[in-house]
Amino acid sequence: MTEQQNKAYDYFRQQGFLPVNAESYPVFKSYDQGDNRLGELTAVVAVVWGFAYHAVYKVIQGYLCSLWFHGEEPAYFEILRQSPGGPACSLQEVVDILYGLSVGSGLPFLRIYAIEERFLREYEALKGYVMKTEYSDDHSEYAYRIKDVLELSGGINLNKRNRLKKFFKQLNISLQPITKENVHLCLEVQEAWCGYRECSSCESFVGCEKNAIAIMAAIFDEHVHTGIIGYFDNVPVGYAICEKKNEQMAFLYFGKSTVPDFFVYLIYMIVKMYFSDVACLNINEDMGNAGLRLFKAHLGIHELWRKYSCTFTRVIEGGRSDGSAA
């Protein structure tokens, strides 16, 4: 973090904000029942990557407000509210509070991120601010209809079909559900996968995925999370960890394989085994990584769901914006 971010982090800790980590999972999970469909706002994504963003959180007037720092990128808030009903206070009130905290901490602006397009009007209606809205396809999330993940015919599925067919008839492949007892095997696969790669390249996107998987293993709940481990000749070589949030949405959180193309097979099989009654699978963003983009595009027909970043500047007398937070 920059010197300014470190000062802001200390300020928010003094204001009662707590670190986002595995211990905060129950809090985030209690706010994970709303209608947000983006993976960025799920409890799992928040707590397993909180360390990489030096994230802190606090419940303010019934809203779960978390603040995220990463490298030299502008810090941003994420806001969640419980369903049904939601908090008694308005979004206007909580944004006013966050704006004041941001100015007090020395941050150059109030930025709120991962807002779905369908919720933008609510933010645009806030009074007293000029709002600048941005998005990037690099950070839009890939969403697939379940039937499109399982579809193998047609030219659009040629790449997927060719990757899968080599595994369909292999007799030495076996699959086992992930449990609390065997979730540590995911770490072993991840460790082996990491052995072939440079840490500097992997961490340049978000942070150490191996550390995130360790947190995932700590919070793994068989009643909430779903996963499979893939074996070749009884040796674990791949895994996939997912969550079915409701009848409309499942999330693919993590997955790796030390065998080329086997991860595609694991995605196909976990969808076939567990998510046939779900409408969509969300596998998050590609972070601008060309290889990851190609991989996700080849899984089938998909949509890119945008996540918007909104930067707020206070309007002062005469209609001008307040330069203290721009």
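In what follows, the accompanying structure is described. Quick caveat: nothing in here was measured; it's all calculated off a predicted structure.

One finds Phe28, Val48, Trp49, Tyr53, Met216, Tyr239 and Phe254 to be the most contacted residues of the largest nonpolar core, which totals 47 residues. No other element matches the seven residues that helix H3 (residues 43-49) contributes to this core. Among residues more than four places away in sequence, those in contact with Tyr53 are Trp68, Phe69, His70, Tyr76 and Val206.

Attention now moves to the sheet that holds strand E9 (residues 225-232). One open sheet holds the seven strands; their spatial order is E8-E9-E10-E11-E12-E7-E13, and the pairing between them is mixed. Bordering the open sheet on either side are strand E8 (173-177) and strand E13 (303-305), each of which pairs with just one other strand. This sheet shows a mean twist of 30° between the axes of neighbouring strands, independent of strand direction. Where strand E11 (residues 249-257) meets strand E12 (residues 280-282), three bridges bridge the pair, whose relative direction is parallel.

Turning to helix H8 (residues 184-194), its buried residues number three or more, namely Leu185, Cys186, Val189, Gln190 and Trp193. Looking down the long axis of H8, one finds its buried residues gathered within 145° of arc, a one-sided arrangement.

Turning our eyes to something else, we now look at the environment of Arg314. Inspection of the secondary structure puts Arg314 in strand E14 (residues 307-314). The partly exposed category is assigned to Arg314, whose relative accessible area is 25%. A distance of 3.3 Å separates polar atoms of two side chains, one belonging to Arg314 and the other to Tyr129.

This brings us to the pairing of E11. A large share of E11 lies buried, amounting to nine of its nine residues. Bridge analysis of strand E10 (residues 235-244) against E11 gives seven bridges, and the strand direction is antiparallel. Considered in E11, the bridge of Tyr239 is made with Lys256. At this point the chain moves from E11, through helix H11 (residues 262-274), to the parallel E12, and the crossover so formed is right-handed.

What follows is about the packing of helix H7 (residues 158-168) against H11. Packing of H7 against H11 brings their axes to within 9 Å, and their N-to-C directions diverge by 85°. Overall, the two elements H7 and H11 adopt an arrangement that is roughly perpendicular. Residues Lys160, Arg163, Leu164, Phe167 and Phe168 of H7 touch H11, and the partners they reach there are Phe262, Val264, Tyr265 and Tyr268. A per-class count over the contact of H7 with H11 returns seven nonpolar, no polar and two charged.

Conventions used here
- Residues numbered from 1 in each chain as written.
- Predicted model: local features only at pLDDT ≥ 70, side-chain atom pairs only at ≥ 80, totals over all residues.
- Heavy atoms only, no water.
- Core = buried A, V, L, I, M, F, W, Y, C linked by side-chain atoms within 4.5 Å.
- Buried < 20%, exposed > 50% of the residue type's maximum accessible area, 1.4 Å probe, protein only.
- Helix = DSSP H or I, 4+ residues; strand = E, 2+ residues; numbered from the N terminus.
- Contact = heavy atoms within 4.5 Å.
- Pairing = 2+ DSSP bridges.
- Axes fitted to C-alpha atoms, helices over the stretch in contact; angles between N-to-C directions.
- Arc of directions from axis to C-beta.
- Polar contact = N/O pair within 3.5 Å; in protein donor to acceptor, adjacent residues only side chain to side chain.
- Right-handed = clockwise from strand over helix to strand, strands pointing away.
- Parallel < 35°, antiparallel > 145°, perpendicular 65-115°, else oblique.
- Nonpolar A, V, L, I, M, F, W, Y, C, P; charged D, E, K, R; others polar.

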